[in-house]
Amino acid sequence: MAKSTLTVNMASLLLIFGMLMATIYTTGALTGGCYGRLGDNLPSPSQVVSLFNQNNIKRMRVYDARTDVLDALKGSDIELIIGVANSDLQKLASSQSEADSWVQSNIKNYGSVKFRYICVGNELKPGMTESQYLVPAMKTIQNSINSAGLGIKVSSAIETGALAKSYPPSEGYFNDNYLDILNPLIDFLNSNGSPLLVNLYTYFSHKDNPTDVPLDYSIFTHNGVKFTDGSLQYTNVFDATLDAMYAALEKRNGGSLNIVISESGWPTAGGLDASVDNAKTYNNNLIQHVKNGSPKKPVNLETYIFAMFDENQKGGDEYEKHWGLFSADQTAKYQTTFN
C-alpha cells in the first residue's frame, strides 16, 4: 500500500510539474513578432523562421498568404496569424467557392503549420470601399473553416483611431462613423467566440500630443500613478488606451470579447523621440507588461511587436520605415528578451 501511495503521489507531482512548466511556457511565449515584407532587401522566409527560433519568438503575424512563407513554417513550432489582404475581401465575400479555394490553398494544404488566427482585413476605415465586404468575407472563410473541422478562429484587426473618446478609459466609446464596420464585426466575433485584434501604438499618441502624453508615460517608465479612474490606477498610456477599448466594446455588446494586441511597437528613427534607446525600452517593457494585462482586465494579453524588420518600401513619413527589431541583414538593432 505504501508503494502504491508513493506511486500515486509521484504521478501527481509529475502532473503538477508538467502543468507548471506548461504555464511558464505559455506565459513566456505570449509576445510574437509581425513579419512585414515591404522591403526589397529582406532575408528569405526560411532565414526569418530561423531568426524567430533563435530568438525564442513563438508566434508570428503575416499580412497575406504567401507560399514561400508557409513552406518555411512547415513543421515549426511557431504559431501563425495569417492575413487576408483588404484587396481580397470583395471576391471572398461574393463567393463561397473562392473562400473554399483560399482555405484549401493556404490552410488545408499546410497541415503541419500551426495556424492560430485568420485575420481578415487590416485597419479598415469608414469610406474605404473594402469595408462593406469585411464581415461577409469573414463569414465565408468561417464557413470553410467549419466545414473542414479545423477550429481556427477568424477575426479582423482594427486601429485605436476607431475610438471617439479614450479618456478617462471608463468613458471610452467608438466613433459613430465606425459603427457600420464595428457593429457587424462585434456580432460576428461574439457568435464565433473569436477575439478582436487591435493595433495599439502609444508612439502615435505621444508624437501627436507630447504635452499631454509625455515620453515616460508612453514607454512604461513613468514613476507612480498618472491618474485614477474610479478604483483603477493608470501609470501608462498603453493601459489607458486598451481599457478605453474594453469600455467601448462594452457599450456595443462586446464586453465578453477578448482582445489580442496584433501590433504594437516603437520606431528607431525618422520622427519625434524615435530612437534605438526608446524602442528598446518600449518593446522590452511591453513584453513584460502584457503578462499582467491592464487595470481593467489583469490577465495575460497576447501581443505582437511590430515589426521584425525595417521595411524600406513603406510609404508615408520616414519613421514608417524604421520599426524593425532587426535590420534587413538580420542584425539586432538592440537586445530584446522575449521570455
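Shown above is the structure to which this text applies.
Student: Teacher, can you tell me more about the layout of surface pockets here?
Tutor: To find leftover empty space, a probe the size of one water molecule is rolled over the atoms. Taken as a whole, the largest pocket holds about 510 Å³ of empty space. Around the largest pocket, the lining comprises 22 residues; the ones closest to its centre are Tyr63, Asn122, Glu263, Phe306 and Lys314. What lines the second largest pocket is a set of 22 residues, among which Ser166, Ser205, Val213, Val237 and Thr241 lie closest to the centre. Elements with a minimum of two residues in the lining of the second largest pocket: β6 (163-165), α8 (202-208) and α10 (237-250).

Student: What am I meant to see in the nonpolar core here?
Tutor: Generally speaking, nonpolar side chains in soluble globular proteins are found buried as a group. Grouped together as the largest cluster of nonpolar side chains are 93 residues, with contacts concentrated most on Met60, Ile118, Phe174 and Phe238. Setting aside its immediate chain neighbours within four residues, Ile118 contacts Ile82, Val84, Trp102, Ile107, Ile141, Ile145, Ile152, Lys153, Val154 and Ser155. Counting six residues, the second-largest nonpolar core is a separate cluster that includes Val213, Tyr217, Tyr234 and Val237.

Student: Quick question: what am I supposed to make of the pattern of salt bridges here?
Tutor: When the charged atoms of two side chains lie near each other, side chains of opposite charge can form a pair. Evaluated as defined, the whole model comprises 15 salt bridges. The closest approach of N and O atoms between Arg37 and Asp68, which form a salt bridge, is 3.4 Å. Separated by 31 residues along the polypeptide, Arg37 in the loop between β1 (31-34) and α2 (45-54) and Asp68 in helix α3 (residues 67-73) bring together distant segments of the chain. Under the relative-accessibility criterion, Arg37 is labelled partly exposed at 26%. Overall, the relative accessible area of 32% leaves Asp68 in the partly exposed class. We note a salt bridge from Arg116 to Glu79, for which the minimum N-O separation is 3.1 Å.

Student: What is the right way to read the sheet that holds strand β3 (residues 79-84) from this model?
Tutor: Each strand in a sheet pairs with its neighbour through backbone hydrogen bonds, running either in the same direction (parallel) or in the opposite one (antiparallel). Spatially, eight strands are ordered β1-β2-β3-β4-β5-β8-β11-β12 in a closed barrel, and the strand pairing comes out parallel. When strand polarity is set aside, the average angle formed by the axes of neighbouring strands in this sheet is 25°. Of the strand pairs in this sheet, strand β4 (residues 114-122) and strand β5 (residues 153-159) are connected by four bridges, and their pairing is parallel. In the strand pairing of β5, Ile118 is matched with Val154. Most of the contacts of helix α6 (residues 134-148) go to β5, to which it runs at about 155°, and overall it touches β4 and β5.

Student: What's the story with the environment of Asn109 in this structure? I'm lost.
Tutor: Within the secondary structure, Asn109 sits in the loop between α5 (96-108) and β4. Note on Asn109: relative accessible area 45%, which makes it partly exposed. Considered as a pair, Asn109 and Leu70 are 39 residues apart in the sequence and their alpha carbons are 9.6 Å apart.

Student: I tried to follow α2 on my own but got confused; where do I start?
Tutor: Owing to its 3.6 residues per turn, the α-helix aligns residues three or four sequence positions apart on the same side. The complete set of buried residues in α2 reads Pro45, Val48, Val49, Leu51 and Phe52. Mapping the buried residues of α2 onto a view down its axis gives an arc of 160°, with all of them on the same face. For α2, the elements touching its buried residues are β1, β2 (59-61) and α3. Following α2 by one or two positions, Asn56 adopts a phi angle in the positive range, close to 60°.

How each quantity is defined
Residues numbered from 1 in each chain as written. Predicted model: local features only at pLDDT ≥ 70, side-chain atom pairs only at ≥ 80, totals over all residues. Heavy atoms only, no water. 1 Å grid on protein atoms, 1.4 Å probe; cavity = no way out; pocket = protein on both sides within 12 Å on 5 of 7 lines; lining within 4 Å. Points joined across faces, edges and corners; volume = space filled by probe spheres on them. Helix = DSSP H or I, 4+ residues; strand = E, 2+ residues; numbered from the N terminus. Core = buried A, V, L, I, M, F, W, Y, C linked by side-chain atoms within 4.5 Å. Buried < 20%, exposed > 50% of the residue type's maximum accessible area, 1.4 Å probe, protein only. Contact = heavy atoms within 4.5 Å. Salt bridge = Lys/Arg side-chain N within 4 Å of Asp/Glu carboxyl O. Pairing = 2+ DSSP bridges. Axes fitted to C-alpha atoms, helices over the stretch in contact; angles between N-to-C directions. Arc of directions from axis to C-beta.

Coordinates in, geometry out; function isn't part of it.
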